[in-house]
Amino acid sequence: MKTPYYITTPIYYVNDKPHIGHAYTTIAADVIARFKRMDGYDVMFLTGTDEHGQKVNKSAENAGIDPQVFVDRVSKNFKDLMPILNVTPDRFIRTTEADHKKAAQDMWNRLVASGDIYLGSYSGWYSVRDEAFYAESELIDGKAPTGAPVEWLEEPSYFFRLSKWQEPLLTFYEQNPDFIAPVSRRNEVVKFVEGGLMDLSISRTSFNWGVKVPGDEKHVMYVWLDALTNYLTGVGFPDTAVASYKTFWPADLHLVGKDILRFHAVYWPAFLMASGLDLPKRVFAHGWWTNEGQKISKSLGNVIDPIELIDQYGADAFRYVLLREVSFGNDGDFSILGMRNRINADLANAYGNLVQRVLSFIYKQCDGIIYAADQLEPQDKLILSNLEDALKDVREAIEHQALHKVCDAIWQCIYDANAYVDAEKPWSLRKENPERMKEVLYVLCNVIKRLALLTFPILPSASKTILLQLGVTKFVYENFTEMMPEKHSIEEPYPVFPRIAEEV
Ligand code: MSP
């Protein structure tokens, strides 16, 4: 039986069109999901849209459209983005779907049954943009710590006894040191919880675009309680006996942006503890992108549109640049020049050139035939075994969400392979020692095959093209070390990573 692996992205608010932040988490999750699938896991990868709450309601009002019609339209933009990003979720969930509403209400009922919900009245600050409540002491110059405007709310509300879960949460963090990552973020969360937790308002009465509170339909559920429950809905909850739930819950990894870590690392585990359900194994918070040194915001008009970039540079290149440019977990700065340089240096010059020079040499000088070698020299064995080590390093890096290290490990092998070509000089061997030339080319084709399997999760289109050129049709790590068959013949190769012309 395959080991299950359940990975999620946040579900995205449908108040606006998709931007680089949405693309980033989704691509990172897709890379991990693809690697795990290729590595023999039974993967469940969930993403989708968060469609209730005041923020979405207001956007629908501003557009002058019924909220359901509005969310149908905007959610579709997100769903359509998946193939554009070359992302392959197992389910695209929407919180307006019937099974999800049922799950959210079941969650509510569990919290009522455990005595964790009481009726009170909320008066305090609320930020619609963040969909978050803030204490007076948290405000900075009359705004939320995120810079979002806040408004005063006074309305009847149900509360969740979050305060009761302070100690259990701290104990849980201590016993599960890997639950929150990176470590710096973990420390922030622990500090926040140590500072004391106030009960959390979990229903609203001043608008009705949300999941109805069971038994009190004047209230809709707070959008975060509704939204977080999607991770359960995605695997069949509230049916906890169904195979998908039993297989995949608790989730292995919730990938989130740093701004929404508190919801995932404090509220969510508290809701789960209270409802008697298992807690996810890990929450990893990545950093934020700026654009050419500036904070990204609609008012500055510098929002980065992933679709435009993909139109121009392709999904593979976009995926690579997002992962390569920053250590996963840190903030990063996006620049077009940086992107173009990466594409030319790492994809066209290093990887693309390796593949193209080897395959076109075989095509032109060896009638397109790859001959198997009977014996290998020590340097041949070394370069092949270095790739086995790289697979181990990549596996390890994926386990820790160190996606930049994944790139490091693979590109080191690409540079080594180019150096091997330069050292072995197959073009000189053609006359001097044709037998050795065949060996060298055979080694190189096997190196390229392994490289393409390694780059597959990041660069799915190009890697697939390369593997198919080499006659490899099974994209799994199980056959990573299998040597290519005798006399495979190749078609005329074309460059998979074209160089981008310098801008004039
Ligand atoms: N709906 C909630 C999540 C609910 S999960 C149960 C939400 N949605 S969102 O659409 O606002 O956020 C989406 C994600 O985009 C967050 O993970 C956030 O960190 C990320 N980003 C938004 N702007 C970003 C950057 N500039 N850079 C990187 N990621 C950014 O929050």
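In short, a report on the structure.

## Considering the overall build of the protein chain
Next, step 1: Helix and strand counts for the protein chain stand at 18 helices and 17 strands.
Next, step 2: Seen along its three principal axes, the alpha-carbon backbone of the protein chain occupies a region of about 90 × 55 × 40 Å.
Next, step 3: Considering the protein chain as a whole, with its 504 residues, one finds that 57% of them fall into the buried category.
Next, step 4: Within the protein chain, contacts between residues separated by at least 24 positions form 77% of all contacts whose residues are at least 6 apart in sequence.

## Comments concerning the packing of aromatic side chains
Next, step 1: Under the criterion given, the structure shown has 29 aromatic pairs.
Next, step 2: Measuring from ring centre to ring centre gives 3.9 Å for tryptophan 224 and phenylalanine 263, while their planes differ by 10 degrees; the resulting arrangement is stacked. In this pair, tryptophan 224 sits in helix H7 (residues 223–228) while phenylalanine 263 sits in helix H10 (residues 261–275), placing the two residues 39 residues apart along the sequence.
Next, step 3: Pairing tyrosine 351 with tryptophan 411 gives two aromatic rings, centres 5.8 Å apart and planes at 75 degrees, and the pair type is edge-to-face. Remark: tryptophan 411 occurs in helix H15 (residues 403–424) and tyrosine 351 occurs in helix H13 (residues 336–365); sequence separation between them is 60 residues.

## With respect to the layout of surface pockets
Taking a probe equal in size to a water molecule and rolling it over the atoms shows the remaining empty space.
Next, step 1: Put simply, the second largest pocket is a space of about 360 Å³.
Next, step 2: Along the walls of the second largest pocket sit 17 residues, with Phe133, Ala135, Glu138, Met198 and Tyr267 positioned nearest its centre.
Next, step 3: Where the lining of the second largest pocket is concerned, the elements lending two or more residues are strand S5 (132–134), strand S8 (200–201) and H10.
Next, step 4: Of the residues that constitute the lining of the second largest pocket, the class distribution is 11 nonpolar, three polar and three charged.

## Overview of the nonpolar core
Next, step 1: Counting residues in each nonpolar core, the largest one holds 188 residues, and the members touching the most others are Tyr173 and Phe271.
Next, step 2: The dominant element in this core, judged by the number of residues it contributes, is helix H17 (residues 434–455), at 13 residues.
Next, step 3: When residues of this core are sorted by domain, at least three fall in each of domain 1 (4–287) and domain 2 (337–489).
Next, step 4: With residues near it in sequence (within four places) discarded, tyrosine 173 still touches Phe179, Ile180, Arg186, Val189, Val190, Val193, Ala265 and Val266.

## Things to note about the packing of helix H14 (residues 378–399) against H17
Next, step 1: Where H14 meets H17, the closest approach of the two axes is 10 Å, and the angle between their N-to-C directions is 5 degrees. What the angle tells us is that H14 and H17 run roughly parallel. Facing Gln379, Asp380, Ile383, Leu384, Leu387, Glu388, Ala390, Leu391 and Val394 of H14, the residues of H17 in contact are Arg436, Val443, Asn446, Val447, Arg450, Leu451 and Leu454.

## What to know about the sheet that holds S5
Next, step 1: Spatially, S5-S4-S6-S8 is the arrangement adopted by the four strands of the open sheet, whose pairing is antiparallel. Each edge of the open sheet carries a strand with a single partner, namely S5 and S8.
Next, step 2: Strand direction decides the pairing type here: strand S4 (residues 117–127) and strand S6 (residues 151–160), joined by 10 bridges, are antiparallel. By the bridge assignment for S6, serine 123 is matched with glutamate 154.

About the cut-offs
Residues numbered from 1 in each chain as written. Predicted model: local features only at pLDDT ≥ 70, side-chain atom pairs only at ≥ 80, totals over all residues. Heavy atoms only, no water. Helix = DSSP H or I, 4+ residues; strand = E, 2+ residues; numbered from the N terminus. Buried < 20%, exposed > 50% of the residue type's maximum accessible area, 1.4 Å probe, protein only. Contact = heavy atoms within 4.5 Å. Phe/Tyr/Trp six-rings, centres within 6.5 Å; stacked < 30°, edge-to-face > 60°. 1 Å grid on protein atoms, 1.4 Å probe; cavity = no way out; pocket = protein on both sides within 12 Å on 5 of 7 lines; lining within 4 Å. Points joined across faces, edges and corners; volume = space filled by probe spheres on them. Nonpolar A, V, L, I, M, F, W, Y, C, P; charged D, E, K, R; others polar. Core = buried A, V, L, I, M, F, W, Y, C linked by side-chain atoms within 4.5 Å. Domains from an automatic or database assignment. Axes fitted to C-alpha atoms, helices over the stretch in contact; angles between N-to-C directions. Parallel < 35°, antiparallel > 145°, perpendicular 65-115°, else oblique. Pairing = 2+ DSSP bridges.

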